[in-house]
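Close look at the chain arrangement
One letter stands for each residue in the lines below.
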Amino acid sequence: MERILLKGGQQGVTVVSNLFLDKYMIKANGEYVKVYLYLLRCLSERDRELSVGYLADVLENTESDIIRAIKYWAGQGLLSVTYNGREIKEIDITPLYDEAGEAKVQAEAMEELRKELALTSENAPAQKKNRDIDMETLNKLMLDGDVKMLLYVVQRYLEKTLNSTETNIILYIYSELGFSVELTEYLIEYCVSNNHRDMKYIEKVALNWHENNVSTIDEVKKLVSVNNFYPVLKAFGLSGRNPAAVERAFIVKWKDEYGFDMDIIVNACNRTMEAIHEPSFKYADSILQRWMKKGVKSVEDLKAIDEEHEKEREKSAQRAAKKVSVTKPAFNNFPQRSYDYDAMEKLLLQRK
């Protein structure tokens, strides 16, 4: 597992900014707060090396939870994360602005957005898309303090300045779909934590939530939970019900502990049905355990495993064929006898 270098901080002291306590901590998930505070604590040992696994053990969380928390705080701009491939290599704690400095940065960013949006609207064609917002509504939204903060937070999550199209999508989600600030922030957090930063994807997720009539974070979590479990139930032919607790535990283990995507999990379920003709989470688990040990990361990896398995079967069949010796039928295994038919005929005539 990749070792993480943690940089910054003051040795021997855990310093927590008042800005973090007043602004960031209040809105954050409690588990995320634990991760951030513990990272601050680790900074008391200058440039300390640790790992995701170590953090998971200390904080009694899964590695996926730790990674999500780190990505969340990176999206908030509180951490700067360097990757080595898909592994986290280095985390640098970003100093927080004081209130005046942050307000200045935010005002400058919002002014740039306003200019870009105004310029785009002037040059836009008469026919507009459904998500476009007229200038009057736009100006009202841009004066709204909550909207300003929302756009600022979204930019910190996505680690870039939003262009006019991206800003329009966020404002459309907020004003037209009726998402609250909290729900919109959770939408961005959810997409970023799943490695999706494209605004079109984010809009698609928002529309899906809207079509399912969700308006709170708790309702979204229930919807996402069903979406995470439904493909497995469908593959097993278990429609019309929610997964039982033990079934849910298996699926969570496959996703979080084994690290498999849903397409690989469904593939294992399909093979279970082909092999034993009935749904079995234990049987599917044995398949996924075997794949995990073989380092399977994608469906493409399964093709190589299947080809290897087929070659091994052919070799086994050839070895078995060589062991089978060609033998004569059983009735030919007895000693053959020869008879003197002339002598036998004379003997019979004498007896008469």
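Okay, so let's go over this structure.

Scanning the chain for helices and strands turns up 16 helices and 4 strands. Taken across its 352 residues, the chain has 36% of its residues classed as buried. If you sum the accessible surface of the chain, you get close to 21900 Å²; carbon and sulfur atoms cover 49% of it.

Of the pairings in the sheet, the one linking strand β3 (residues 79-84) to strand β4 (residues 87-93) comprises 6 bridges and is antiparallel in character. Paired with Leu 79 across the bridge in β4 is Ile 93. Hairpin connection, β3 to β4: the antiparallel pair is bridged by 2 residues, and Gly 85 has positive phi, about 70°.

It is worth spelling out helix α13 (residues 262-276) at this point. In this model, α13 (15 residues) spans 21 Å end to end at C-alpha, consistent with the 21 Å of a helix rising 1.5 Å per residue. Looking only at α13, the buried set comprises Met 262, Ile 264, Ile 265, Asn 267, Ala 268, Cys 269 and Thr 272.

Let us look at the pattern of salt bridges. Under the defined criterion, the tally for this structure stands at 6 salt bridges. Across the salt bridge formed by Lys 34 and Glu 31, the nearest N and O atoms sit 3.4 Å from each other. Here the residue Lys 34 and the residue Glu 31 both occupy positions in helix α2 (residues 30-42), the gap between them amounting to 3 residues, near one helical turn. On the basis of relative accessible area, Glu 31 is assigned to the partly exposed category, the value being 33%. Here Asp 306 makes a salt bridge to Arg 271, at a shortest N to O gap of 2.8 Å. Taken together, the residues Asp 306 in helix α15 (residues 299-323) and Arg 271 in helix α13 connect sequence positions 35 residues apart. Overall, Asp 306 belongs to the partly exposed group, its relative accessible area being 33%.

What counts and how
- Within each chain, residue numbers correspond to sequence positions counted from 1 in written order.
- Only residues with pLDDT of at least 70 are given local features in this predicted model, and only at 80 or more are side-chain atom pairs given and counted; all residues enter the totals for whole chains, interfaces and linings.
- Excluded from the side-chain calculation are hydrogens and water; included are all heavy atoms of the structure.
- Each helix is a run of H or I in the DSSP string that is no shorter than four residues. Each strand is a run of E no shorter than two, and both are numbered from the N terminus.
- Accessibility here uses a 1.4 Å probe with only protein chains present; expressed as a share of the type maximum, an area under 20% marks a residue as buried, one over 50% as exposed, and anything in between as partly exposed.
- To be clear on the numbers: accessible area is Shrake-Rupley with a 1.4 Å probe, and residue cover counts the displayed protein chains and nothing else.
- Paired strands, in this sense, are two strands between which DSSP finds at least two bridges.
- Multiply 1.5 Å by the residue count of a helix minus one, and that product is the helix's expected span.
- One side-chain nitrogen of Lys or Arg within 4 Å of one carboxyl oxygen of Asp or Glu is enough to make a salt bridge.

The analysis is restricted to geometry; functional conclusions fall outside its scope.
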